[in-house]
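# Report on the structure
Each chain is listed here by its residues.
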Amino acid sequence: MSKFQIYPAIDLRGGKCVRLFQGDYAQETVYGDSPYDMAKKFADAGAEWIHMVDLDGAKDGVRINDESVLKAATLPVNVQVGGGIRTREDIEHYLANGVSRVIIGSLAIREPELVVSFIEEFGPEKIVIGIDAKNGMAATEGWIETSGQSAKDVANFFASKGAKHFIYTDIATDGTLAGPNIEANKELADSPQAEIIVSGGIGTLNDIRNVKRAAEESNIAGVIIGKALYENRFSLEEALSC
């Protein structure tokens, strides 16, 4: 198991830093005009990784805010990015320009064998399977549509094909600050090689401690923090000290 990681999040829409409430594009809060400045702030605070999502890309199925992502990737920090990644060219575009890992979500549901070929070509360290779930069922297209597959089945399929990194987002908790769905994350994948990053609901330092405790007895390997940082519930430095 890799070192437990804290992933401060930057969600991009219209070139700005935003957060959505439960994935609802109509419930958006803007937290900054410069994703690069936000990324630098996180890097300066000691983050080893930054989690970036192109919300426009996720919704429209093409890269839209990639310039902001690539600028952040010039900082001395690892960047993982998701949203609008649909082709081999998208993956190569990011990895060749300083991004450490790419997150594939909707495409993993729609064209799993293609994504398996990406894992084989680029390696399991470079490809993250992003699973966003409503009531345990995988959602796609920026959370707008729900598939007929359970999140657990999706995770176990890709783990059996060599995938290592997974992000599980419980849409019901995302942006709510009400606490993460730790049990769903613990149960996500049966494979011992799978490493699960918890996403959605972090509101307190105690939430982070609870995830860290769960990591000691499960496949959980990290946690993504977004709104709590932007709402100043705690600082990134405090989160990292947990």
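Residues numbered from 1 in each chain as written. Predicted model: local features only at pLDDT ≥ 70, side-chain atom pairs only at ≥ 80, totals over all residues. Heavy atoms only, no water.

## Structural notes on the side chain of Asn185
As a reminder of what qualifies: Put simply, DSSP marks the helices as runs of H or I at least four residues long and the strands as runs of E at least two long, and each gets a number from the N terminus on. Here a polar contact is taken to be a pair of N or O atoms separated by no more than 3.5 Å, where protein atoms must pair a possible hydrogen donor with a possible acceptor and residues adjacent in sequence count only if both atoms sit in side chains. Note on contacts: a residue pair is in contact if any heavy atoms of the two residues lie within 4.5 Å.
Locating Asn185 in the fold gives a position in helix H8 (residues 182-186). A polar atom in the side chain of Asn185 sits 2.9 Å from the backbone oxygen of Asn181. Beyond its immediate sequence surroundings of up to four residues, Asn185 is in contact with Tyr168, Ile196, Ile197, Val198 and Ile220.

## Comments concerning the nonpolar core
Using the following cut-off: Within this scheme, the nonpolar core is defined by two criteria: the residues are buried Ala, Val, Leu, Ile, Met, Phe, Trp, Tyr or Cys, and they are joined through side-chain atoms within 4.5 Å. Burial classification: accessible surface area is computed with a 1.4 Å probe over protein chains only, and a residue below 20% of its type maximum counts as buried, one above 50% as exposed, and the rest as partly exposed.
Counting residues in each nonpolar core, the largest one holds 71 residues, and the members touching the most others are Ile10, Ile129, Phe158 and Phe166. Beyond its immediate stretch of four places on either side in the chain, Phe166 contacts Val128, Ile129, Ile131, Ala155, Phe158, Ala159, Leu188, Ala194, Glu195, Ile196 and Ile197. In terms of nonpolar packing, the next biggest core, distinct from the first, is built from eight residues, Ile103, Val128, Ile197 and Ile224 among them.

## Quick look at the pairing of strand S1 (residues 5-13)
Residues in a regular strand point their side chains to alternate faces of the sheet. Note the cut-off: Any two strands with at least two DSSP-identified bridges between them are counted as paired.
By the criterion of burial, S1 is predominantly enclosed, with eight of the nine residues buried. In this structure, S1 lies alongside strand S12 (residues 220-225), joined through four bridges in parallel fashion. Looking at the pairing, Pro8 lines up with Ile225 of S12. Alignment of S1 against strand S4 (residues 49-54), held across four bridges, turns out to be parallel. In the strand pairing of S4, Leu12 is matched with Asp54. Where S1 meets strand S2 (residues 16-21), three bridges bridge the pair, whose relative direction is antiparallel. Counted as the bridge partner of Leu12 is Cys17 from S2. Linking S1 to S2, which pair antiparallel, is a turn of two residues; within it Gly14 sits at a positive phi near 60 degrees.

## A word on the pairing of strand S3 (residues 24-32)
One ladder, built from five bridges, connects S2 with S3; its direction is antiparallel. Within the sheet, the bridge partner assigned to Val18 lies in S3 and is Val30. If you look at the hairpin formed by S2 and S3, you'll find two residues sitting between the two strands, and Gln22 has a positive phi there, around 50 degrees.

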